[in-house]
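These are the residues of each chain, in order.
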Amino acid sequence: MKATFPIDQVKKRKALLNAVEEVRDICVAGAEEAENNGTLPEATVDALEQSGLLAMKLPTELGGAEADPVTQLQVIEAMTRIDPATGWVMMIGAASIASPAVFLPDEAISQMFVGGRPPRAAGALMPTGHAVPVEGGYRVSGRWSFASGIRHSQWLSAGALVVDEGGAVVERLSIVFPTKEAVIHDNWQVAGDRKSTRLNSSHKPISYAVFCLKKKTIHHSPPPPPPLTHRTRPHVP
């Protein structure tokens, strides 16, 4: 099942807010299980995916809603009222697939969006990985913190730096790679903040010597020539 969205902005906002209400009971029913397991139940994530809420930031040409910033905030707020952890994971999951998708070439998109369906994704923003240029791409290794929703994801996006022999940063990259290539360390247990942290599945994935093709790499510095993106850039509130 693939969600479809109205083109009209007002109707689109209403459709997404209705989707939140439609998954309310599932999210509420799974809250205790999520609290006990430290991650959202599969039924909750399935509901977020099938309702189209995980695609609210994604460009329309990739099957997303391409919602405006106000709509995004209202949808996130509505879900967070129902369950804060679900609202957080929904927000991160939507951004983790939309942000790299607008920059990646069609060849990479075809590998990630199997059958034209948006994959589940998680991401780590900080460029704590190390990338070494090799023929055809980069050899990447590193440790990234706080990848909310990683246990339900199929793809990860992460930041990495290319440094010269003197240790100076010469390039900053964003890379995408399959979640199965990462090692997850479940060590995010914060006293007094159990639900908002453990439920987010904010684990620390470690990737050892991942080979990332150039087509799955986004260059941030120096900036590429215009146009910067391959498709409509998602609105990020």
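The following refers to the structure shown. If you're wondering where the values come from, they're calculated on a predicted model, not measured in any experiment. (Residues numbered from 1 in each chain as written. Predicted model: local features only at pLDDT ≥ 70, side-chain atom pairs only at ≥ 80, totals over all residues. Heavy atoms only, no water.)

## Here's the deal with helix H6 (residues 84–101)
Think of an α-helix as turning once every 3.6 residues; residues three or four places apart then point the same way.
Move 1: Here H6 is 18 residues long and its end C-alpha atoms lie 26 Å apart, about the 26 Å a rise of 1.5 Å per residue gives.
Move 2: Counting buried residues along H6, 13 of its 18 residues qualify, which places the element largely inside the surrounding structure. (Helix = DSSP H or I, 4+ residues; strand = E, 2+ residues; numbered from the N terminus. Expected span 1.5 Å × (residues − 1). Buried < 20%, exposed > 50% of the residue type's maximum accessible area, 1.4 Å probe, protein only.)

## Considerations on the packing of aromatic side chains
Move 1: Summed over the entire model, instances satisfying the criterion amount to 1 aromatic pair.
Move 2: On the basis of an interplanar angle of 45 degrees and a centroid distance of 6.0 Å, the ring pair of Trp144 and Phe177 is categorised as tilted. With Trp144 in the loop between strand E2 (137–143) and strand E3 (155–163) and Phe177 in strand E4 (residues 169–178), this residue pair connects regions lying 33 residues apart in the sequence. Residues Trp144 and Phe177 agree in their burial class; the two are buried. (Phe/Tyr/Trp six-rings, centres within 6.5 Å; stacked < 30°, edge-to-face > 60°.)

## A word on unusual backbone geometry
Move 1: Look at Glu66: it is not a glycine, yet its phi comes out positive at around 50 degrees.
Move 2: Mapped onto the elements of the fold, Glu66 is located in the loop between helix H4 (42–50) and helix H5 (69–82).
Move 3: Although it is not a glycine, Phe146 adopts a positive phi angle of roughly 65 degrees.
Move 4: You can call Phe146 partly exposed: its relative accessible area is 43%.

## A word on the environment of Ala131
Move 1: Relative to the elements of secondary structure, Ala131 occurs in strand E1 (residues 121–134).
Move 2: Given a relative accessible area of 5%, Ala131 falls into the buried group.
Move 3: Through-space distance from the C-alpha of Ala131 to that of Gly142 is 8.7 Å; in sequence the pair is 11 residues apart.
Move 4: Non-local contacts of Ala131, meaning those with residues more than four positions away in its chain, are made with Tyr138, Arg139, Val140, Ala160, Leu161, Val162 and Leu173. (Contact = heavy atoms within 4.5 Å.)

## Brief notes about the nonpolar core
Move 1: In this structure, Leu16, Val20, Leu53, Met56, Val75, Met79 and Met90 are the most contacted members of the largest nonpolar core, which totals 21 residues.
Move 2: Breaking this core down by element, the ones donating at least two residues are helix H1 (9–22), H4, H5 and H6.
Move 3: A per-element tally of this core places H5 first, with 5 residues.
Move 4: Here Met90 is in contact with Leu48, Leu53, Leu54, Met56, Val75, Ile76 and Met79, once residues within four sequence places are set aside.
Move 5: Among the nonpolar cores identified, the runner-up in size contains 16 residues, and Val140, Ile150, Ala160 and Leu173 belong to it. (Core = buried A, V, L, I, M, F, W, Y, C linked by side-chain atoms within 4.5 Å.)

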